Amino acid sequence: MVDRFLIRILIISSTPSSSLPRLSTPMAAIDLSSPYSPARSSPAPLSARSASLHLLLRRRRRPTLRCSLDAAPKQQAQGPPAAVAAEEAPPARKECYGVFCTTYDLRADEKTKSWKSLVNVAVSGAAGMISNHLLFKLASGEVFGPDQPIALKLLGSERSIQALEGVAMELEDSLYPLLREVSIGIDPYVVFEDAEWALLIGAKPRGPGMERSALLDINGQIFAEQGKALNAVASRNVKVIVVGNPCNTNALICLKNAPNIPAKNFHALTRLDENRAKCQLALKAGVFYDKVSNMTIWGNHSTTQVPDFLNAKINGRPVKEVIKDTKWLEDEFTKTVQKRGGVLIQKWGRSSAASTAVSIVDAIRSLVNPTPEGDWFSTGVYTTGNPYGIAEDIVFSMPCRSKGDGDYELVKDVAMDDFLWERIKKSEDELLAEKRCVAHLTGEGNAFCDLPGDTMLPGEM
Ligand SMILES: NC(=O)C1=CN([C@@H]2O[C@H](COP(=O)(O)OP(=O)(O)OC[C@H]3O[C@@H](n4cnc5c(N)ncnc54)[C@H](OP(=O)(O)O)[C@@H]3O)[C@@H](O)[C@H]2O)C=CC1
Ligand SMILES: O=C([O-])CC(=O)C(=O)O
């Protein structure tokens, strides 16, 4: 017995779908009233959603894999909240076209009975290079697990909306059984609705001759707007991973604009730096990189970041016992990790995309799986209440452990010496200076920009 699954692309405006006309097919009617629908006003508790998912599968035996496209032109720079948008007349809609109006067999019925309830994952910059690697990993199940159905909510802009349609086409053509919905939009207030994870990748790259303070301002505006949108419409416990640079300060801006979401839930991606550091230590020690553990990156995702060889281990032994060349550790290792992004740009002609996507996967998996005994991982998180004496109220990469519930705690028992502390302070200074530059975006008065001269992204040489 084979179930039929309809693949459909909808063009949905920023109008909530409860106020949109019903589709003419019975399948669409099922879809709009289903627990999969992004139109529901608030997420049901996990158990209820899980139960309704299974109920739906038993009753209907025809779950819909839905692709929807929010292509409403943006009315103004700051997207209106969904409630405001609901009062506007819905623009013309095209329900389905070309390759997207397809019906085929999925044969997933038996398998789906043991699935968890749907997880909503929003991704910004979804038409960009990093996303092009990441989205297919998310859809395949390798990130959240083989029993975790997923809805992907892709945020683009007027500039990228056509490219996003292409991305959605490729996702459909990949026939991922776990991928239950793909929606595309340019309004964060629509795309982030009910998001349980928000992976914020889209940001303007720094161009030739552009001051870093200008980059902080331009990208800061993007993250202030997205923080407001998350605050208005995302799940109250959404986990946010900021990738777009300068990611620590962008994460700070985002969390300051989302006061109803715990500040603890915001991360700046420094996992790529951790992976790069593990690779360099493994190379030097002549071991495979899975033998390197307890690797902390402290500080900013920039050339002031501090790869911590004091606490890291190789085969369970302190790095300094295995690699006796302290000069190499202090100079070459540290600089190589700090500048790895820039060397890669010189060789590859563009910034790391595939390895960044892999590191986003690692970062999520570290939060949804228990951390192995004795180990930890690095992520840029809010410093208020940290046990190390790092300045409060910034986003700083630090060592964390997780029970696998999406949350984390800071690792307390780490060693500190003068070399490490001096460098941590330098990265802290840089982040405090970045924070002063964006005070107008965090609600803390007038910006005053006095960035240290050597403030650079890892991709800048
Ligand atoms: N934290 C980390 O470890 C790393 C971070 N990065 C950062 O990730 C970000 C994305 O990288 P990548 O995917 O390779 O970049 P791409 O240039 O391929 O994509 C970036 C996306 O950003 C969006 N964007 C938002 N605002 C602007 C703007 N004003 N001008 C141009 N594009 C804009 C664009 O999407 P749209 O038009 O849909 O808005 C674009 O698709 C960059 O900021 C990069 O520096 C990169 C590597 C590592
Ligand atoms: O600097 C950049 O744009 C790229 C980057 O973050 C990295 O490679 O670590």
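Just so it is clear, the structure is predicted and the values come from calculations on it, not from any experiment. (Residues numbered from 1 in each chain as written. Chains lettered and ligands numbered in written order. Predicted model: local features only at pLDDT ≥ 70, side-chain atom pairs only at ≥ 80, totals over all residues. Heavy atoms only, no water.)

Colleague: Could you clarify how one ought to interpret helix α6 (residues 161-173) in this entry?
Modeller: The first and last C-alpha atoms of α6 sit 18 Å apart over 13 residues, in line with the 18 Å expected at 1.5 Å per residue. L175 lies just past α6 and shows a positive phi near 55°. (Helix = DSSP H or I, 4+ residues; strand = E, 2+ residues; numbered from the N terminus. Expected span 1.5 Å × (residues − 1).)

Colleague: Would you mind showing me how to read the environment of K435 here?
Modeller: Within the fold, K435 resides in helix α14 (residues 418-437). Classification of K435 as buried rests on a relative accessible area of 15%. Between the C-alpha atoms of K435 and A447, which are 12 residues apart in sequence, the distance is 8.5 Å. Residues within four places of K435 in sequence aside, it is in contact with L252, D393, I394 and E444. (Buried < 20%, exposed > 50% of the residue type's maximum accessible area, 1.4 Å probe, protein only. Contact = heavy atoms within 4.5 Å.)

Colleague: How should the pattern of salt bridges be read in this particular structure?
Modeller: Between side chains of opposite charge, a pair can form as their charged atoms come close. Under the definition given, this model contains 16 salt bridges. Here D273 and R276 are joined by a salt bridge, their closest N and O atoms 3.7 Å apart. Here D273 and its partner R276 are both found in helix α10 (residues 271-285), three residues apart, which amounts to about one turn of the helix. The two residues D273 and R276 agree in class, both being buried. When the shortest N-O distance is used, the salt bridge between D393 and K435 registers 2.9 Å. Placement of D393 in the loop between β15 (377-382) and β16 (395-401) and of K435 in helix α14 is noted, with a sequence separation of 42 residues between them. What emerges from the salt-bridge pattern is a single network uniting K256, D393, K435 and E444. (Salt bridge = Lys/Arg side-chain N within 4 Å of Asp/Glu carboxyl O.)

Colleague: Quick question: what am I supposed to make of the layout of surface pockets here?
Modeller: One simple way to see leftover space: roll a probe sized like a water molecule over the atoms. In this structure, the largest pocket encloses a volume near 1,400 Å³. Around the largest pocket sit 47 residues that line it, and I201, G202, A203, K204 and P205 are the ones nearest its centre. Where the lining of the largest pocket is concerned, the elements lending two or more residues are α5 (129-140), α8 (212-233), α10 and α12 (326-348). The element contributing the most residues to the lining of the largest pocket is α8, with six residues. When the residues that make up the lining of the largest pocket are grouped by side-chain class, the tally is 21 nonpolar, 17 polar and nine charged. (1 Å grid on protein atoms, 1.4 Å probe; cavity = no way out; pocket = protein on both sides within 12 Å on 5 of 7 lines; lining within 4 Å. Points joined across faces, edges and corners; volume = space filled by probe spheres on them. Nonpolar A, V, L, I, M, F, W, Y, C, P; charged D, E, K, R; others polar.)

Colleague: Looking at this structure, how should I read the site of ligand 2?
Modeller: As a structural note, the neighbourhood of ligand 2 is formed by N245, R276, H301, G341, S351, S352, L457, P458 and G459. Measuring from an oxygen atom of ligand 2, one finds a side-chain N or O atom of N245 at 2.9 Å. Between an oxygen atom of ligand 2 and a side-chain N or O atom of R276, the distance comes to 2.8 Å. When ligand 2 is considered free in solution it has 270 Å² of accessible area, and contact with the protein chains removes 85% of it. When atoms are counted within 2 Å of each cavity's grid points, the one that captures over half of ligand 2 is the largest pocket. Classifying every residue of the shell around ligand 2 gives two nonpolar, six polar and one charged. (Near = heavy atom within 4 Å. Polar contact = N/O pair within 3.5 Å; in protein donor to acceptor, adjacent residues only side chain to side chain. Areas by Shrake-Rupley, 256 points an atom, 1.4 Å probe, with all protein chains shown as cover. Sits in = over half its atoms within 2 Å of the grid points.)

Colleague: Explain the sheet that holds strand β13 (residues 313-314) here, please?
Modeller: To summarise the sheet geometry, strands pair through backbone hydrogen bonds and adopt either a parallel or an antiparallel arrangement. With antiparallel pairing, the three strands of this open sheet are ordered in space as β10-β13-β14. Single-partner strands in this sheet number two, and they are β10 (292-293) and β14 (317-318). Of the strand pairs in this sheet, β10 and β13 are connected by two bridges, and their pairing is antiparallel. If you follow S293 over to β13, its bridge partner there is K313. (Pairing = 2+ DSSP bridges.)

Colleague: How should the pairing of strand β5 (residues 150-155) be read in this particular structure?
Modeller: Regular strands have side chains that alternate between both faces of the sheet. Counting buried residues in β5 gives six out of six residues, a clear majority hidden from the surface. Judged by which residues are buried, β5 turns out to be covered on both faces: I150, L152 and L154 on one side and A151, K153 and L155 on the other are all buried. As paired elements, β5 and strand β6 (residues 179-185) share six bridges and run parallel to each other. Paired with L152 across the strands is V182, a residue of β6. After leaving β5, the chain enters α6 and then returns to the sheet as β6, a path that is right-handed. (Right-handed = clockwise from strand over helix to strand, strands pointing away.)

Colleague: What's the story with the confidence of the model for the chain in this structure? I'm lost.
Modeller: Interpretation of this model should avoid reading the predicted coordinates in detail wherever pLDDT is low. Of the residues in the chain, 75% have a pLDDT of 70 or more, and the chain-wide mean is 80. Counted against residues more than four places away or in other chains, residues 1-101, with its pLDDT under 50, gives 200 contacts. (pLDDT = per-residue confidence, 0-100.)

Colleague: Sorry if this is basic, but what is going on with the site of ligand 1 here?
Modeller: What surrounds ligand 1 is a group of 22 residues, the closest being M129, S157, R159, S160 and N245. Between ligand 1 and V243 there is a distance of 3.3 Å, counted from a nitrogen atom to a backbone nitrogen or oxygen. Within the complex, the protein chains bury 81% of what would otherwise be the 910 Å² of accessible surface of ligand 1. Because more than half of its atoms lie within 2 Å of the grid, ligand 1 is assigned to the largest pocket. Grouping the amino acids of the shell around ligand 1 by side-chain chemistry returns 10 nonpolar, 10 polar and two charged.

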